[in-house]
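# Notes for the structure review
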Amino acid sequence: TQLLEQSPQFLSIQEGENLTVYCNSSSVFSSLQWYRQEPGEGPVLLVTVVTGGEVKKLKRLTFQFGDARKDSSLHITAAQPGDTGLYLCAGVTRPTGGGNKLTFGTGTQLKVEL
Amino acid sequence: EPEVTQTPSHQVTQMGQEVILRCVPISNHLYFYWYRQILGQKVEFLVSFYNNEISEKSEIFDDQFSVERPDGSNFTLKIRSTKLEDSAMYFCASSQSSYNSPLHFGNGTRLTVT
């Protein structure tokens, strides 16, 4: 069974602070995706990382894929209240029948306060 | 921007009843998925569907579950005889292609089994 553990589970910080969320896996995935989920909505893709050691930036968000493609991190610089939400990592595997199967992490609930 | 739509947003049913959850994926997408999220738990893969066939299913997707694409636009999840533990948020998703393609999620159907 593939498991992805995220830490921390909950994070409450002040506007302007930096934070890092970690996603650790017992398995290697073909790629890893980060999603953000708002209450009452489905997850929305932020980024896909594919290559071991890859770093991707999305404005104030920096995503890194570990060299062994088993772990990843999300770093947010100067957090804003609009960053509040549930952040989910998801390991991607490819069923033989096609498509992408996502194994979601346990989630990190971020709250950024003024 | 095209989106995945799900109906109903909330379904309440009695234990033992059949329910059908409906989804309209994005029109040019080829791969379709159902995920569920029990309250307070992580998002879990149920099934993927491609070319009118199930390409992969999880252990959760037992004989009580079935999926269908009846008319080329709708994608449905049927639970034949609901149990209390089926209460969850059910998310439909679709993707355009197979390789690392992002999944686009609907806003979910909250199923409550009483």
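Cut-offs and rules
Residues numbered from 1 in each chain as written. Chains lettered and ligands numbered in written order. Predicted model: local features only at pLDDT ≥ 70, side-chain atom pairs only at ≥ 80, totals over all residues. Heavy atoms only, no water. Contact = heavy atoms within 4.5 Å. Buried area = accessible area lost by both parts, 1.4 Å probe. Salt bridge = Lys/Arg side-chain N within 4 Å of Asp/Glu carboxyl O. Helix = DSSP H or I, 4+ residues; strand = E, 2+ residues; numbered from the N terminus. Nonpolar A, V, L, I, M, F, W, Y, C, P; charged D, E, K, R; others polar. Pairing = 2+ DSSP bridges. Axes fitted to C-alpha atoms, helices over the stretch in contact; angles between N-to-C directions. pLDDT = per-residue confidence, 0-100. Buried < 20%, exposed > 50% of the residue type's maximum accessible area, 1.4 Å probe, protein only.

What follows deals with the interface of chain B and chain A. Each partner contributes to the interface: chain B provides 22 residues, whereas chain A provides 27 residues. Here chain B packs against chain A, burying approximately 2000 Å² in sum over the two surfaces, 52% of which is carbon and sulfur. Broken down residue by residue, the surface that chain B buries against chain A is led by Lys 42, Asn 100 and Phe 105 of chain B, which jointly contribute 28%. Where chain B meets chain A, there are 1 salt bridge. The closest approach of N and O atoms between Glu 56 of chain B and Lys 101 of chain A, which form a salt bridge, is 3.1 Å. Secondary structure elements with two or more residues in the side of chain B that touches chain A: β4 (31–37), β5 (43–50) and β6 (53–57) of chain B. Of the residues in the side of chain B that touches chain A, the class split is 11 nonpolar, 9 polar and 2 charged.

All names here are of chain A. The 5 strands lie next to each other as β1-β3-β8-β7-β6, forming an open sheet whose pairing is antiparallel. Strands with a single pairing partner mark the edges of an open sheet, and in this sheet they are β1 (4–7) and β6 (55–58). Adjacent strand axes in the sheet meet at a mean angle of 15 degrees, parallel and antiparallel pairs treated alike. Bridge count for strand β3 (residues 19–25) against strand β8 (residues 71–76) is 6 bridges, and the pairing is antiparallel. In the strand pairing of β8, Tyr 22 is matched with Ser 73.

Let us now look at the confidence of the model for chain A. Predicted confidence across chain A gives a mean pLDDT of 93, with 99% of residues reaching 70 or more. When mean pLDDT is taken per element in chain A, strand β2 (residues 10–14) of chain A scores highest with 97 and strand β10 (residues 101–104) of chain A scores lowest with 92.

Further remarks concern the pairing of strand β9 (residues 85–93) of chain A. Residue and element names in this part refer to chain A. Within β9, 9 of the 9 residues are buried, which leaves it mostly tucked inside the rest of the structure. Direction of pairing for strand β4 (residues 31–37) relative to β9: antiparallel, over a ladder of 7 bridges. In the strand pairing of β9, Gln 33 is matched with Ala 90. Relative to β10, β9 runs antiparallel, the two being bridged by 4 bridges. Following the sheet pairing, Gly 91 is matched in β10 by Thr 103.

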